[in-house]
Structure formats: structure tokens, C-alpha cells
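Working through the structure, step by step
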Amino acid sequence: MNLRSKLFKKPWKNRDPDVRAEAVRHDQDPELKKELPQLAQHDDAARVRLAALQRLNSEPFWLDARLRESDADIVRAADQFLSREIGRTDKPELESARIEWLKLSGDNELLRRVASSSPAAGLRRAALARISAQGFLGDCYIGESDDQLAADLLARIDQVSTLERVVQQARRSNKKRAQAAAERLESLRIAAGTAVPGQAASERLVEVAEALARGHGRGDLGQELGELRARWDAIGDHPEPLARRFQGAVRIIEAALQRQQALPQQAAEEAQQPEAETAPEPGGPDPKLAGSADFIRSSIRKGTKLDARELLAHWDRTWNQIPAHGPAEEALKADMLPLLRELQAQVQMASQMQSREKAGSGDQGGNEARADGPSRPGAQFSARLDEVAASLEAGNLALANDQLRALRSEHDRLPPRQRSGVDGGRLQRMEGRLKEMRNWQHWSNNKIRDELIAGVQQLSDSGQHPDAVMAALKQARNEWKRLEALEVLPGDKRRFAAPPGQWRQFQAACKQAYTASKPYFEKREKLLRDNLETLQAFIEAGRQAVADDNAETATLLGFMRKARQAIRRMDDLPPKARGSSAAGLRELMNGISAALDQRFEAVESVKRRLVAEARALSHEKDLKTAVDKAKALQSQWQKAGSGRRKVEQELWRQFREPMDPLFEQLKGEHDQRRQADQETQAELKALCAKAEALADLPGEELESAHGRLLGLIDEWLRHEGRPESLNRRFERAEQRFEQRVSEQQAKLRRRADDHILALAQLVQRLWTLRSQGQREDLAQELPDRPAQHPVGDALFDLAQRLAAPDFEPEALHAQVESNRKAGRQIAVEFEFLSGLETPAADQSLRMDYQVQRLARRMSERERQPDLASELEQLQQRWYQCLPLAPEDYEALHGRVEKAQGILRNMVGH
């Protein structure tokens, strides 16, 4: 290190963060380049770390910064770099860090881009784990390159409409995945009760069987049928409609196999071997014709692999060999006619394809014959006549007609000298034979047409359902067309084989049957149109709901449910509108699904944020604060709305996981507090019981229990948080105790007053007796001495003196006279206080008392006694003024008693 470097620090080591950041961005110092990793990780300034990261611009450093940094600018820059890099390269060494970063990202668009286009399977898996939109998962399932990941995706798809779309799209690109999706769809339908087990597999086998029946096989038909049966039997139980379809297709395949196999040699020899001449039974058909009928019946019954052409040719040869046809032969022919019609239909179906090939080969042979010139026309003509004979023998009238027309044209173009008489005669006989066979076919077909007309005429009165009537009409018309196609051959001038009258009868019968069913179809058509209008209005309302951002999620779910129901009832719509209506419903369901996905993703994004905030509560030290925040998060959770059920349940589990311990801890504290409250309440109840027990003590113990009650009150007041009910209970016990103490004290006062009153009356009675001259000892009449009562003590002493036998009345004459004046004054005061009138003799005393009382009140305003105290004082003065002269006592005692009664009522005694 030189002196300059010691004196001047590098710019990227400057104390100023702005200077360091600028140097990191632009300085080319090699030493700086070596220090960039350290600066990106450990510099104090976020802007310097960001500049170093941008200078390094390497994914490992960006990943490290994104996972540990909290600065918003660094996080945003790291997300921008990683979102570009993660979709372009697959770096296994960084996959775990990439997945950790992906878990931190809340960008739904980024998650979808990674899930659909990232080259790393692990990243796609991590992104798909964060996505729950069913439609997007279905798209990813179709295009996913990793089979295991695709299988995991399929297990997460539980939306029926998405699986139906996946099955249709995957059939064109990956049949194995289409089959897996079909099996998943079938399992969901079975769980929902809309399908039975094995229905999807049965449907696929039925489709294969029907394809083979239509001739779309790829190899050996017998081998394919065997494999198909083995797969069908392996499933076991099949729905009844599918089983019927499968068995019908198998029967068609088996019939095709029988037609493909060659005729057994024995059957061919038997058909061509001349039969022995036997004598006909009387009234019976010709033996040869009967033998031919038995041969045809036995061949059909035993399932002999004979061509229908051979059977018809056998019957035709035998019929033509009979010189005359009697009623027995006609009856046998009528009996055989249904079998012959069926064989003829089989021949016609097989000949439609062969006619073109044979006609082409015939034209080619004719051209070759003309090219060779007239040198050897006989051999070629005879060979071609042999082909015509074979066609006639096989019953292929269309091919024979084409061959005969070509031969007749060539024969007529030959010069007369080159024409062979033998060939010409043979050609003429074959033309006659063809005409005879066509006439026989026409006669046979007319019989069938008559039966068709009769069957159609019966439809209008058959009472069948109009749909069954229309199905029968359609079948009759198709049969009529088939007969026309059998008879009208190429080159014929006539366009229709049926007689005009017969055709008119058929048309009239069809019109009559249709007219009878027409009202039903008109009514049903109106109902179908009404259903279509209702469905169109529903689709339009659904589209408006999808376009409305303020539409409720429940409304969209209702539209989705009704759309799924409607798409299963396409038979309720006009046939021409079913395709467009189904397309409109699918478009509506896709729109609703997309709108619901957006809403669900928004709700789930909010709830994922709430989950993250809930997890952060574990770092909160204060339990009350953590619980309050948890309750606030729960309120936000409720307001956020509902998402997809499975995702909602998983998010709810994650949301509750960090909060349950908080509430458990809070519950524990509440339980402890409740336990403490219960113990406190038990103590308070015990105190209430003790107070109530004190209030129920006997009267003589109440006064001594007052101290214990004060102790209970002190102990009661030391408890905090007392329940109001217990407070009232304790107060009632305290009040009852005080009431009982007051009652006891009042009782004692009344007892003392009664004792004093009795003593005062005894004093007056003793004085009356002594004043009348009685001298006996009256000490036995003395009551007990009053306890601590000055007036009572004085009265008891006086009564004791009066009761003594040596008492001299003269000793009290002066006092009795003095008592008379005091008694009058006391009576006046009693009457004044009670409001009674005073006798006229004592009015002056009353006036003087009023003046004195007024003067005393004016001078002693704040020391005035109450009425009860004045009553008590007057009573004591009254007792102290005894004894009185008997006549004075009688006069004053009545006035005092009357006033006392009024005053006692006034003071509540």
C-alpha cells in the first residue's frame, strides 16, 4: 500500500453511502470487483448493496439477497431479475433456492408463467402447488412433460367440466392421459352418484364394438372380436343399455364373419346335386320345392355359413324347374316369403359395392375385346355370358343388368356375319331370365309394399305415443326407399318401381298418421321453443353476471349450477338449436369458471397474507396484544369471503395453526382466573353465610356479636371484584343484623320504660295508701331495682320509703304540694307538644311556656332537641314529679296519657 492509498481512501470505501454507491456502479478498480460480493452482502447501506448486486448481476447473489433482504428496492430488483431468469434456464444446483424464492412471491401471473413454461420440473411443481384454478390445472395437465407431475395434477382436478374438456383435448395429443382423465372423471361422477362403476370403460368398449360393426377394423376381424370380448368380460358388471348395444354390435360382427368365410364344399355340392324324383303327396307341394325350402330353413337354423346368393339361387332353380305352379306351391312360396325377403336384402346390400367393381371390370373387358378386333369375338363373348349367368345365379340383378346391357350393345354393333347365333340366343334367354327375376322381385316387393301400407294405416288408431308413430313412419319410408333401390336399376327409363296407386295409398296413410300426431308435435315444438327462449335469457343473464365485477360469488355459483343442469337436458330444446345452445352454455360455464377463478384467487391471496400475519403472531411477547391481533385477523378472514373448498380448508388450517396456541394459552389464563374467582366467590359466600348466621343469633347474643360483624365487614372489603349478587346478599345480612339489634334495643328500652312506669305507678299508689292512713308493711310489693337508671333509682328509693311501715306522710306533704305545680306545668308542655287543648285554668301556664320556648329557640337555634328527646325528657320529669295528691293525679294523669299517646305515634314508637 503506497502513501497515496493510505492518505486517500477508495471511493467505494467512503463514509457517504451515495459516494460508495456511485463508485460501485461505475468504478473499474480490480480491487473493487473482488470486493463486490462482500459489498452486496454486508454493506450497511441498502443502496450500496443494490448497486453491488446490479454490478454482479448473478443469479446466486440475487437469490441470496432476495431470501435475506427486507429492503423494498432490493426485493423488487431481485424479483425482476429472477422472474426473467427462472423461465429461461434449468439450474439444478439453484433449484432449492429458487423454490424458496417462489414461496415468497405472491404474483399470480409469475406463478402461472413458471408453472406452464419453466424448464425445471421442480419449479413447475412448486408453482402448481400454489395454484388452485381448475381450468389452468387442466391446461397444464395436457401439456405437462413430466408424467408423475401430470398424475399429481390430475389428482387435484375435481371440477367435472374441466375434466370433460381435458378428455376431449387430450384425445388428439395423448390418449393415455385422456384415458386417465376419463377414469378420474368417472370416479368423481360415481362419488357424486351420477354414474355407476365401470361405465366409462364400458362406453369405450361399446364404441370400439360399433366401429368394428361398421367395418372400421384394422386387421383380423375374428381376432379383434375375441380381444374385445375378453376385455368386456374382464370388467364384469355393465349398465344394461350399454350391454344391449354391445351385444347388438357383436351380433353384426359375427354375421360379417360368417359372410366372409367360404361356402362349405358339402353345402355347395348338396345345392347343385340333382334331387331324386319322388312322387308328390296328394294336395302337397312339389317334393323338390319342399326340399329346397327345408334346405334353406335348416341352413338358417343351424347357422350354416352359406352365402345368401347361393340360397336364393337354390330356391330359384328349383322353382323354375317345376313345370306348373299349383296352390300348394304358391302357399309354400308365401310361407317362405319372409325368409326370401331377408336373404334378398342381404344380397342387395352386398351387391351395392360389388356392382361398381364388376361394372368397371366389365367395361375394361369390353374395351379390350374391341381393341383386339373382330378376330376372336366368340370366345370372349361366351366368357362374359358365363359371368352374366353367374351373376343371375347369385341373384345380383343390378350387376347382371349392367353386364347384359353392355353385351347387348356390343352384340348389336357387330356386323351380322360376325354375330354368333348360339351366343345371341343365349344372350336373349338371359335377358328373358333377368326380366322374369325382376318381375318376381317386383311381385314380391309389391306384397311388402301392401304390408307397409296396411301397417301405416293402423298407426293412426294404434294408440301409440306420437314419437313411436313417427319412428314407425320413418322405418316404413326407409323400407319403401330400399325396395325402390332394389328394383330401379341403372339405365331404366322409369324412376319409380311402385305402382302409382300403391304409392298414393302409402302417401295417404303416412299423411293420416302424421296428421293424427301433428297436434302433439306442434305443442311440443312450442314447449321446446319456450325452453329455448328461457335458456337464451338465462345465458344472457349469466353473461351479464360474468361481466359485472360487483356480482356476488354466490350468484355466479348459482349460474354455474343451473348451467350444468341445463346442459344435461338438451333434449328439451329444438333439435336444430341444441348444438348452438350447448356451445353457449359451455362458453358461459368457461366464463363463469374464469371469473370464479379470479375471485377465488383474490380471496385466497388475501387469506394467504392473513396466514402470514397469523404466523407472525408467534413473535408477539404480550399475550393480550397477540390475542387482540388474532381476533382482528379473524374478522378480516370473515370479510374476505369464501374460496374453493379444498384450498379454503387448507388455508384455514394454516391460519388456525399459529393462533390456536394463543387461544389455548388465553384459555389457560382464563381458567386460572376463573378458578381464582371461584375460590374468591367461595370465600365471599362463606362470609355471607357467617353474616347471615350472626343475623340469626338469639336476641340476647346480638349485642355481643357486633364486634364479630365488624370483623366480617373488614374481611369482606379486602376482596376486590365482588359479584353484585353477593354484595347484595352480604348487605341484606348486615341490614338484618342491624335491624335485629335495633329491635332488641327497642325491646330493652320498652322493658325499661315499662319497669319505670310500673315503679312510678307503685309510688303513686303507695302514697295514696299512706295518705289514707294505712300502716302495714308494703315492702313485698316492691319490684327489682332498675339497672343504671337515675330516675328509676330515685323512684325505687322513694317507693322503698313509702313501703316502710314506719313511714310518716307528713314528711312528704311539702314535696307533694310542690309536685302539684310541677305536674301542671308538665301536663301543659305535653299538651303543647301534642297539639291538644289546655284547660282554661292552665292557659296562663301554656302562654308563659310558649314565650319561654320561643325565647329559648331564638337563643339556641343550633341546639334544639328533637321531638323524641323532648318526649323522653318530659316523661322523666313526669316520673320525678310523683307522688301527687290523689285528686291531682287523677286530673293530670289522664291529660298526660292522652298527650303521650299522640306523641308516641308522632315519633314512631
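Residues numbered from 1 in each chain as written. Predicted model: local features only at pLDDT ≥ 70, side-chain atom pairs only at ≥ 80, totals over all residues. Heavy atoms only, no water.

**Focus: the overall build of the chain**
The secondary structure content of the chain amounts to 37 helices and 0 strands. Within the chain, buried positions represent 38% of all 909 residues. Sequence separation of 24 or more characterises 66% of the internal contacts of the chain that already satisfy a separation of 6 or more. (Helix = DSSP H or I, 4+ residues; strand = E, 2+ residues; numbered from the N terminus. Buried < 20%, exposed > 50% of the residue type's maximum accessible area, 1.4 Å probe, protein only. Contact = heavy atoms within 4.5 Å.)

**Here we look at the pattern of salt bridges**
One pass over the full model with this rule turns up 41 salt bridges. Through salt bridges with shared partners, a single network forms among R824, E831, D842 and R895. (Salt bridge = Lys/Arg side-chain N within 4 Å of Asp/Glu carboxyl O.)

**What about the nonpolar core?**
Core analysis: the largest hydrophobic core is formed by 54 residues, its most contacted members being V24, W62, L128 and Y141. In this view, L128 contacts A115, F136, L137, C140, L149, L153 and R156; residues no more than four positions away in its chain are not counted. Within the second largest apolar cluster, 36 residues are counted, among which are A760, L795, C881 and A899. (Core = buried A, V, L, I, M, F, W, Y, C linked by side-chain atoms within 4.5 Å.)

**Some points on the environment of E431**
With respect to the helices and strands, the residue E431 is situated in helix α23 (residues 421-457). Overall, E431 belongs to the partly exposed group, its relative accessible area being 26%. As a C-alpha pair, E431 and R405 span 26 residues in sequence and 9.1 Å in three-dimensional space. When near neighbours in sequence (up to four residues on either side) are disregarded, E431 contacts L404 and R408.

**Quick look at unusual backbone geometry**
Residue P883 is reached from L882 by a cis peptide bond, and omega for that bond is 0 degrees. Along the polypeptide, P883 turns up in the loop between α36 (867-880) and α37 (886-907). Positive phi, normally seen in glycine, also occurs at N57, with a value near 50 degrees. On the basis of relative accessible area, N57 is assigned to the partly exposed category, the value being 44%.

**Quick word on the packing of helix α3 (residues 30-42) against helix α4 (residues 46-56)**
Packing of α3 against α4 brings their axes to within 8 Å, and their N-to-C directions diverge by 130 degrees. It follows that α3 is oblique to α4 by the angle criterion. The element α3 and its partner α4 pack so that their crossing is left-handed. When α3 is examined against α4, the residues L32, K33, L36, P37, L39, A40 and Q41 are found in contact with a partner set consisting of R49, A52, L53, R55 and L56. When grouped by side-chain class, the residues that make up the contact of α3 with α4 number 8 nonpolar, 1 polar and 3 charged. (Axes fitted to C-alpha atoms, helices over the stretch in contact; angles between N-to-C directions. Parallel < 35°, antiparallel > 145°, perpendicular 65-115°, else oblique. Left-handed = near helix turned anticlockwise from the far one by under 90°. Nonpolar A, V, L, I, M, F, W, Y, C, P; charged D, E, K, R; others polar.)

**A look at helix α28 (residues 623-640)**
The end-to-end C-alpha separation of α28 is 25 Å, in line with the 26 Å expected for 18 residues at 1.5 Å each. Of all the residues in α28, the buried ones are L623, A626, V627, A630, L633 and W637. Taken around the axis of α28, the buried residues stretch over an arc of 120 degrees, which confines them to a single face. Set apart from the buried face of α28 by more than 90 degrees, the exposed residues are K624 and K639. Those residues of α28 that are buried are in contact with α27 (575-616) and α29 (645-695). (Expected span 1.5 Å × (residues − 1). Arc of directions from axis to C-beta.)

**Considerations on the packing of helix α34 (residues 813-834) against helix α35 (residues 843-859)**
The contact between α34 and α35 brings their axes to 10 Å, and the two run at 65 degrees. Classed by the angle they form, the pair α34 and α35 counts as roughly perpendicular. Judged by the sense of rotation from one axis to the other, the crossing of α34 with α35 is right-handed. Mapping the contact onto sequence places R824, Q825, V828, E829, E831, F832 and L833 in α34 and L845, R846, Y849, Q850 and R853 in α35. A breakdown of the residues in the contact of α34 with α35 according to their chemical character gives 5 nonpolar, 2 polar and 5 charged.

**Some words on the packing of aromatic side chains**
Under the definition given, this model contains 13 aromatic pairs. Measuring from centroid to centroid gives 3.9 Å for W232 and F246, while their planes differ by 0 degrees, and the two rings are stacked. Here F246 lies in helix α16 (residues 240-260) and W232 lies in helix α15 (residues 221-235), a separation of 14 residues in the sequence. Take W232 and F246: they sit in the same class, and that class is buried. Relative to F506, the ring of W503 has its centre 6.1 Å away and its plane inclined at 35 degrees; by these criteria the two rings are tilted. With a gap of 3 residues between them, W503 and F506 both fall in helix α25 (residues 500-547), about one helical turn apart. Judged by relative accessible area, which is 35%, W503 ranks as partly exposed. Taking the ring centre of Y141 as reference, the NZ or CZ of R177 above it sits at 5.9 Å. The ring of W480 carries R449 above its face, with NZ or CZ at 5.5 Å from the centroid. (Phe/Tyr/Trp six-rings, centres within 6.5 Å; stacked < 30°, edge-to-face > 60°. Lys NZ or Arg CZ within 6 Å of the ring centre and 35° of its normal.)

**Quick notes on the confidence of the model for the chain**
Taken residue by residue, the chain gives an average pLDDT of 79. The fraction at 70 or more is 87%. Ignoring residues within four places in sequence, the model shows residues 1-7, a span with pLDDT below 50, making 1 contact including any to other chains. Low pLDDT (under 50) marks residues 262-281, which in the prediction has 20 contacts with non-local residues, meaning those over four places away or in another chain. (pLDDT = per-residue confidence, 0-100.)

**Some remarks on the environment of E69**
Following the sequence through the fold, E69 ends up in the loop between α5 (59-68) and α6 (72-85). C-alpha separation for the pair E69 and A46, spaced 23 residues apart in sequence, amounts to 9.1 Å. Among residues more than four places away in sequence, those in contact with E69 are A40, R49, I74 and V75.

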